[in-house]
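Remarks on the overall topology
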Amino acid sequence: LGVIAAFIYYLYVNSDKYLNLLRLSPLSVILLLLLAFTSPFLNGAINAYMFRSLGANLSQREGFLLAAVSTLANQLPVSGGVVTKGVYLKRKYDISYAKYLSSMFALFFCTIAVYGLLGLTILLEWALFRNFTAPSLLWIGFGGMASTLIIFWLPFERLPISNFLQKWVQQALEGWSLISKN
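Reference entry: report on the structure contained in this document.

What counts, and at which threshold
- Residues numbered from 1 in each chain as written.
- Predicted model: local features only at pLDDT ≥ 70, side-chain atom pairs only at ≥ 80, totals over all residues.
- Heavy atoms only, no water.
- Helix = DSSP H or I, 4+ residues; strand = E, 2+ residues; numbered from the N terminus.
- Rg over C-alpha atoms; globule rule 2.2 N^0.38 Å.
- Buried < 20%, exposed > 50% of the residue type's maximum accessible area, 1.4 Å probe, protein only.
- Contact = heavy atoms within 4.5 Å.
- Areas by Shrake-Rupley, 256 points an atom, 1.4 Å probe, with all protein chains shown as cover.
- Lys, Arg positive; Asp, Glu negative; His and termini not counted.
- Charge placed at Lys NZ, Arg CZ, Asp CG, Glu CD.
- Core = buried A, V, L, I, M, F, W, Y, C linked by side-chain atoms within 4.5 Å.
- Patch = residues over 30% accessible without salt bridge, like charges linked within 9 Å, V, L, I, M, F, W, Y side chains within 5 Å.
- Salt bridge = Lys/Arg side-chain N within 4 Å of Asp/Glu carboxyl O.
- 1 Å grid on protein atoms, 1.4 Å probe; cavity = no way out; pocket = protein on both sides within 12 Å on 5 of 7 lines; lining within 4 Å.
- Points joined across faces, edges and corners; volume = space filled by probe spheres on them.
- Nonpolar A, V, L, I, M, F, W, Y, C, P; charged D, E, K, R; others polar.
- Expected span 1.5 Å × (residues − 1).
- Arc of directions from axis to C-beta.

1. What to know about the overall build of the protein
A tally of regular secondary structure across the protein gives eight helices and zero strands. Here the protein has a C-alpha radius of gyration of 21 Å; the compact-globule value for 182 residues is 16 Å, and the former is much larger. Projected onto its principal axes, the C-alpha positions of the protein cover 55 × 40 × 35 Å. Put simply, the protein has 182 residues, and 26% of those count as buried. Within the protein, residue pairs in contact and separated by at least 24 positions form 50% of the contacts whose partners lie at least 6 positions apart. Carbon and sulfur atoms form 71% of the exposed surface of the protein, whose accessible area is close to 12900 Å². Of the charged side chains in the protein, 13 are positive and 6 negative, and the gap between their average positions amounts to 5 Å.

2. Some points on the nonpolar core
Residues Ala48, Met50, Phe51, Leu54, Ala56, Leu58, Leu66, Leu89, Ile95, Tyr100 and Met104 constitute the largest nonpolar core, which totals eleven residues. Mapped by element, the contributors of at least two residues to this core are helix H3 (26-52) and helix H6 (97-129). At three residues, H3 tops the list of elements feeding residues into this core. Counting nine residues, the second largest nonpolar core, distinct from the first, contains Phe105, Ala106, Cys110 and Leu173.

3. What about a nonpolar patch on the surface?
The grouping of Ile4, Phe7, Ile8, Tyr10, Leu11, Tyr18 and Leu21 at the surface amounts to a nonpolar patch, some 690 Å² of accessible area in total. Within the residue set of the nonpolar patch, elements represented by two or more residues are helix H1 (2-13) and helix H2 (15-21). If one sorts the elements of the nonpolar patch by residue count, H1 sits on top with five residues. Structurally, leucine 11 is set in helix H1. Owing to a relative accessible area of 32%, leucine 11 belongs among the partly exposed residues under this scheme.

4. Description of the pattern of salt bridges
Pairs may arise between side chains of opposite charge once their charged atoms sit close together. By the definition in use, this model includes three salt bridges. Of the charged contacts in the structure, one is a salt bridge between glutamate 62 and lysine 92, with a shortest N-O distance of 3.0 Å. Placement of the pair is glutamate 62 in helix H4 (residues 60-74) and lysine 92 in helix H5 (residues 81-93), with a sequence separation of 30 residues. The exposure class assigned to glutamate 62 is buried, which follows from its relative accessible area of 13%. A salt bridge links lysine 90 to aspartate 94; its shortest N-O distance comes to 3.6 Å.

5. Some remarks on the layout of surface pockets
The calculated volume of the largest pocket comes to roughly 750 Å³. Here the lining of the largest pocket gets nine residues from one element, more than from any other, and that element is H6. Of the residues contributing to the lining of the largest pocket, the split by class is 13 nonpolar, eight polar and one charged.

6. Let's talk about H4
Along its 15 residues, H4 runs 21 Å from first to last C-alpha, staying within 8% of the 21 Å computed at 1.5 Å per residue. By the burial criterion, the buried members of H4 are Glu62, Gly63, Leu66, Ala67, Ser70 and Ala73. Down the axis of H4, the smallest arc covering the buried residues is 140 degrees, so these residues share one side. In H4, the exposed positions angled more than 90 degrees off the buried face are occupied by Arg61 and Leu72.

Spelled out as structure tokens, the structure:
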């Protein structure tokens, strides 16, 4: 009860900051709602497309449901979304865990790179059109994220890196070769 009272007091003292958050344009609200409603369908389509390349004949509906169950499993104390997908695909389509994990590594690196490129694009737009100078750390961070794409083209087997990192990279490359066939 004390925590709730402290939270309410905090909101009261800082109400001006939170009221600014509520001042959204109608277009922003519509775009946020559109994003919230289309995101699960896009995740489902990504699931269906990616796992078809592994030999699972997932329908769009099944891809969507798998994404929804995975998202729900990620809300549990032990994040189980990846495990849920892996077990489902193993039981229903007999996809090996190694194949599945390789494709998940590749998808992880692709996602990080896309977020990095998106971040760099936004920073560039701010710099060119809004005269906003972003902190150097943001440029470095988003640049580092975008550079993860390089993993798919560098000859890592010839680089002097640890065995642990070499195995991660190898798994991602195997996953990339699996999902890029289609």
